[in-house]
Amino acid sequence: MHHKEILKHYGIRAQKSLGQNFLVNDEILEAIADSIDITGQDILEIGPGYGALTEKILARKPRSLTLVELDKQMVYILNSRIHEREIVIPKETTFRIIEGDVLQYVPPLTLSPSEEREIYSVIANIPYYITSPILFRFLHELESKPNEMVILMQKEVGDKICRKKWYPHSYLSLALEFSCESIEEVCLVAKENFIPAPKIDSSVLYFQRRAEYNRINAKDFLRITSAWFSAPRKKVISNLASTLHISKESLASDFQALGLLDTVRAEEINLITWNKIIEKIEKKWEL
Ligand code: SAM
């Protein structure tokens with residue numbers, strides 16, 4: 001069945017509150033599925049809807065595929081489509097559907113029992129409003145983080161993460177640069193490729209996580225950068241002094257040693273300089 005027929009056949013009415021915009025362009029769905037290694041791998045798909053991307057993933061025979069979908073009706077439709085063999089699960093794939101909120105979902109430390117290391121990938125066409133929470137959860141918070149993620153998001157957010165069009169650094173772009181080895185744009189998706197069409201275009205981004213992740217460094221990094229970006233117009237030194245309870249004099253000399261003016265703005269500072277600042281001032285703040 002083609003996308004429009006599926007929507008009609010199952011009487012699907014997109015729920016705005018769940019960010020349901022179904023991607024109906026098969027070439028783009030194939031390009032998303034081609035952007036990560038699927039064959040023989042453990043895959044987590046977030047927000048499968050009626051299974052448009054799921055079919056492309058299954059055609060590539062993953063070792064396991066876990067779907068997490070919040071909408072009960074979509075879970076019912078997915079199960080019906082599997083029952084009708086419209087969605088075919090290859091014999092080499094362990095398949096499961098979890099009905100629930102992905103922001104509450106905790107992937108097991110190993111999705112495949114034979115592996116000692118956590119190795120899995122995330123693939124998702126998710127509602128725009130949970131893009132940042134998902135990125136923070138999967139690339140910073142969870143104990144069991146994926147190796148790679150491919151995510152469809154609002155084009156402007158993708159541009160900000162990739163810092164296209166001279167977008168300055170943001171808390172999100174720095175946090176992702178901190179946790180990822182590489183971030184690439186897979187493709188752009190014009191709004192006409194969705195039913196219903198959203199008001200804005202999208203882009204698909206690929207994230208490869210850094211293999212080493214130091215929890216303490218990450219905690220310090222996120223704490224300081226988020227504090228600074230929450231009041232980016234304030235003078236940097238005053239801001240850090242009041243948030244971290246460090247004397248302004250001590251901060252001023254650290255900044256001077258790094259060749260930074262105390263008038264510098266948060267968005268002008270790159271990841272390397274942030275790490276240097278944190279290295280200089282850590283151990284000085286009161287927790
Ligand atoms: N992947 C499908 C596609 O490409 O056509 C559907 C995409 S639609 C933009 C987003 C999907 O995410 C919907 O099926 C929606 O019900 C689901 N969803 C929304 N919030 C969710 C959440 N917190 N956890 C899991 N799924 C969610």
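Residues numbered from 1 in each chain as written. Predicted model: local features only at pLDDT ≥ 70, side-chain atom pairs only at ≥ 80, totals over all residues. Heavy atoms only, no water.

Student: Looking at this structure, how should I read the packing of helix α9 (residues 236-244) against helix α10 (residues 248-257)?
Tutor: Helices that pack against each other are described as a pair by the angle of their axes relative to one another and the distance between those axes. Two elements in contact, α9 and α10, have axes separated by 9 Å at closest approach and are oriented at 130°. The orientation of α9 with respect to α10, classified from their angle, is oblique. In this structure, α9 meets α10 at a crossing whose hand is right-handed. Counting all contacts with α9, which are made through V236, I237, S238, L240 and A241, the residues of α10 involved are K248, L251, A252 and F255. (Axes fitted to C-alpha atoms, helices over the stretch in contact; angles between N-to-C directions. Helix = DSSP H or I, 4+ residues; strand = E, 2+ residues; numbered from the N terminus. Parallel < 35°, antiparallel > 145°, perpendicular 65-115°, else oblique. Left-handed = near helix turned anticlockwise from the far one by under 90°. Contact = heavy atoms within 4.5 Å.)

Student: Which parts of the structure should I look at to understand the site of the ligand?
Tutor: What surrounds the ligand is a group of 20 residues, the closest being Q20, G47, E69, D101 and N125. The separation between an oxygen atom of the ligand and a polar main-chain atom of L23 is 3.1 Å. E69 is positioned with one of its side-chain polar atoms (N or O) 2.6 Å from an oxygen atom of the ligand. Alone, the ligand offers 590 Å² of accessible surface; in the complex the protein occludes 98% of this. Here the ligand is seated within the largest pocket. Every element with two or more residues in the shell around the ligand is listed here: β1 (22-23) and β3 (64-69). Per-class residue counts for the shell around the ligand are nine nonpolar, seven polar and four charged. (Near = heavy atom within 4 Å. Polar contact = N/O pair within 3.5 Å; in protein donor to acceptor, adjacent residues only side chain to side chain. Areas by Shrake-Rupley, 256 points an atom, 1.4 Å probe, with all protein chains shown as cover. 1 Å grid on protein atoms, 1.4 Å probe; cavity = no way out; pocket = protein on both sides within 12 Å on 5 of 7 lines; lining within 4 Å. Sits in = over half its atoms within 2 Å of the grid points. Nonpolar A, V, L, I, M, F, W, Y, C, P; charged D, E, K, R; others polar.)

Student: Hey, could you run me through the domain arrangement of the protein in this one?
Tutor: In many analyses, interface size is given as the accessible surface area lost on bringing the parts together. Domain annotation for the protein reports domain 1 (3-209) and domain 2 (215-281). The straight-line distance from the C-alpha centre of domain 1 to that of domain 2 is 35 Å. Each partner contributes to the interface: domain 1 provides 14 residues, whereas domain 2 provides 15 residues. Contact between domain 1 and domain 2 buries roughly 1100 Å² in total, counting both sides, with carbon and sulfur atoms accounting for 70%. At the junction of domain 1 and domain 2, the tally comes to one salt bridge. R215 is the salt-bridge partner of E143, the closest N and O atoms lying 3.8 Å from each other. Put simply, domain 1 and domain 2 have two residue pairs in polar contact (both at pLDDT 80 or more) between them. Sorting the residues of the side of domain 1 that touches domain 2 by element identifies α5 (131-141) and α7 (171-179) as the ones contributing at least two each. Ranked by residues supplied to the side of domain 1 that touches domain 2, first place goes to α7 with five residues. Tallied by class, residues from the side of domain 1 that touches domain 2 come to seven nonpolar, three polar and four charged. (Domains from an automatic or database assignment. Buried area = accessible area lost by both parts, 1.4 Å probe. Salt bridge = Lys/Arg side-chain N within 4 Å of Asp/Glu carboxyl O.)

Student: I would appreciate a short explanation of α5 in the present structure.
Tutor: An α-helical segment advances 3.6 residues per turn. Residues three or four places apart therefore align on the same side. The buried fraction of α5 is high, at eight of 11 residues. Along α5, the residues that are buried comprise T131, I134, L135, F136, R137, F138, L139 and H140. (Buried < 20%, exposed > 50% of the residue type's maximum accessible area, 1.4 Å probe, protein only.)

Student: Please explain the layout of surface pockets as it appears in this structure.
Tutor: Where empty space is left can be seen by rolling a probe of water-molecule size over the atoms. Looking at the largest pocket, its volume works out to about 720 Å³. Every residue lining the largest pocket is counted, 40 residues in all, and those nearest its centre are L18, G19, Q20, N21 and P127. Those elements that place two or more of their residues in the lining of the largest pocket are β1, β2 (42-46), α3 (52-59) and β3. Looking at the lining of the largest pocket residue by residue, the class counts come to 24 nonpolar, 10 polar and six charged. (Points joined across faces, edges and corners; volume = space filled by probe spheres on them.)

Student: What exactly am I supposed to notice about the sheet that holds strand β7 (residues 180-189) here?
Tutor: Sheet strands pair by backbone hydrogen bonding; their relative direction is either parallel or antiparallel. Taken in spatial order, the seven strands of this open sheet run β4-β3-β2-β5-β6-β9-β7, and their pairing is mixed. Each edge of the open sheet carries a strand with a single partner, namely β4 (94-99) and β7. Strand-to-strand, the axes of this sheet are offset by a mean angle of 20°, without reference to chain direction. In this sheet, strand β9 (residues 202-209) lies alongside β7 in antiparallel orientation, the contact comprising eight bridges. Note on β9: the bridge partner recorded for E185 is L205. Where helix α4 (residues 72-83) meets the sheet, it contacts β3 and β4, and its direction lies at approximately 155° from that of β4. (Pairing = 2+ DSSP bridges.)

Student: Would you take a moment to explain the packing of aromatic side chains for this structure?
Tutor: Describing an aromatic ring pair means giving the distance of the ring centres and the angle of the ring planes. Taken as a whole and judged by the stated rule, the model has three aromatic pairs. Where F22 meets Y50, the ring centres are 5.3 Å apart and the plane angle is 45°; that geometry is what we call tilted. Note that F22 is positioned in strand β1 and Y50 in the loop between β2 and α3, a separation of 28 residues in sequence. Like Y50, F22 is buried. When the ring of F136 is compared with that of Y171, the centres are 5.5 Å apart and the planes differ by 25°; the resulting orientation is stacked. (Phe/Tyr/Trp six-rings, centres within 6.5 Å; stacked < 30°, edge-to-face > 60°.)

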